[in-house]
Every structure is written in C-alpha cells, then in structure tokens.
Amino acid sequence: QVQVVESGGGLVQAGGFLRLSCVASGSTFSSYIVDWHRQAPGKQRDFIARISSSGVTNYADSVKGRFTVSRDNVKKTVWLQMNSLKPEDTAVYYCRMWSPGGAKDYWGQGTQVTVSS
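In this report, we go over the structure that sits alongside the text. These numbers come from a predicted model, not from an experiment.

### Observations concerning the sheet that holds strand 8 (residues 77-82)
No. 1: Taking strand neighbours across the sheet as the criterion, the 4 strands line up as 1-3-8-7 in an open arrangement whose pairing is antiparallel. Of all strands in the sheet, those bounded by a partner on one side alone are strand 1 (4-7) and strand 7 (67-72). Strand-to-strand, the axes of this sheet are offset by a mean angle of 15°, without reference to chain direction.
No. 2: Sheet topology note: the strand 3 (residues 18-24)/strand 8 ladder contains 6 bridges and is antiparallel.

Below, the structure is given as structure tokens:
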C-alpha cells in the first residue's frame with residue numbers, strides 16, 4: 001500500500017513563499033504521475049499542478065508563473081515551490097499520486113496553507 005504524506009504548510013504573509021513536500025512510500029514511485037490540488041473553505045478541490053514520471057509539468061492558470069513543481073525519484077519526493085503568495089492561495093493542499101490508466105490512485109491527508117493580507 002502506498003502512503004502519501006504532505007508537509008510544509010503554514011501561515012505566511014502575502015508576497016511570501018512556502019515549499020510543500022509530498023513524500024511517498026512504495027518502490028514504484030518513479031512511474032507515478034503526481035498532482036497537487038487545493039481546496040479552499042466552501043469550495044471544490046481544484047487541480048493546480050502536475051509532474052509526469054518523466055518530469056513534464058503543467059499548471060493551472062491561477063498559479064502559472066508563481067508555483068513550480070519538481071520531483072526527485074530517488075528521494076520519492078515531489079515539491080511544490082510557491083512564490084508570490086496571495087490571500088486567495090489559502091487552502092488545504094493535497095498531493096495525489098496516480099498511475100497512467102488510473103488503476104492506482106493515492107491521496108495524502110493535506111497540509112494547510114494560509115496567506116494573510
């Protein structure tokens with residue numbers, strides 16, 4: 001069973017930065033696609049960033065140019081570098097690991113990010 005654990009959330013002022021980590025167990029980490037999603041209070045969970053097994057990235061328009069996703073397959077870790085944070089970035093951030101075709105799909109428990117104005 002794969003376990004996914006996020007960390008790195010916290011309280012930061014607008015304009016600041018945070019780096020979230022997503023660490024996974026399991027021996028086939030390198031084959032998974034990893035997404036970051038976020039959910040603000042009272043809103044649906046939204047996709048914000050993806051990194052493929054080969055390192056190709058894409059981003060939601062709301063974070064493009066401010067957030068960067070990266071991975072280290074040896075460390076079984078994916079990071080989300082978040083710069084120029086805005087109050088509207090306040091949300092619980094989730095890491096999702098999934099296999100192409102969707103046969104395997106794992107979510108972390110989330111980490112809270114709060115951006116004060």
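Past the structure itself, the notes keep going.
### A short note on the layout of surface pockets
No. 1: Here the largest pocket defines a volume of roughly 170 Å³.
No. 2: Around the largest pocket, the lining comprises 13 residues; the ones closest to its centre are Arg38, Ala40, Lys43, Asp46 and Glu88.
No. 3: Counting residues per element, the ones that place at least two in the lining of the largest pocket are strand 4 (33-39) and strand 5 (45-51).
No. 4: Examining the composition of the lining of the largest pocket, we find that 3 residues originate from one element, strand 5, more than from any other.
No. 5: Split by residue class, the lining of the largest pocket holds 5 nonpolar, 4 polar and 4 charged.

What counts, and where the lines are drawn
- Position labels on residues start from 1 in each chain and follow its written sequence.
- Reporting in this predicted model follows two pLDDT cut-offs: at least 70 for local features of residues, and 80 or more for side-chain atom pairs to be given and counted; totals over whole chains, interfaces and linings ignore these cut-offs and use all residues.
- To get the side-chain values, take all heavy atoms of the structure and skip hydrogens and water.
- For two strands to pair, DSSP has to find at least two bridges joining them.
- Working definition: helices are DSSP H or I runs of at least four residues, strands are E runs of at least two. Numbering for both runs from the N terminus.
- Angles shown run from 0 to 180 degrees and are taken between the N-to-C directions of axes, each axis being a line fitted to C-alpha atoms and, for helices, limited to the stretch in contact.
- Think of a 1 Å grid over the protein atoms and nothing else: a 1.4 Å probe that fits but is trapped marks a cavity, an open set flanked by protein within 12 Å on at least five of seven lines marks a pocket, and residues with an atom within 4 Å of a point count as lining.
- Grid points are joined across faces, edges and corners, and a volume is the space filled by probe spheres set on the points.
- Any residue outside Ala, Val, Leu, Ile, Met, Phe, Trp, Tyr, Cys, Pro, Asp, Glu, Lys and Arg is labelled polar, Gly included; the first ten of those are nonpolar and the last four are charged.

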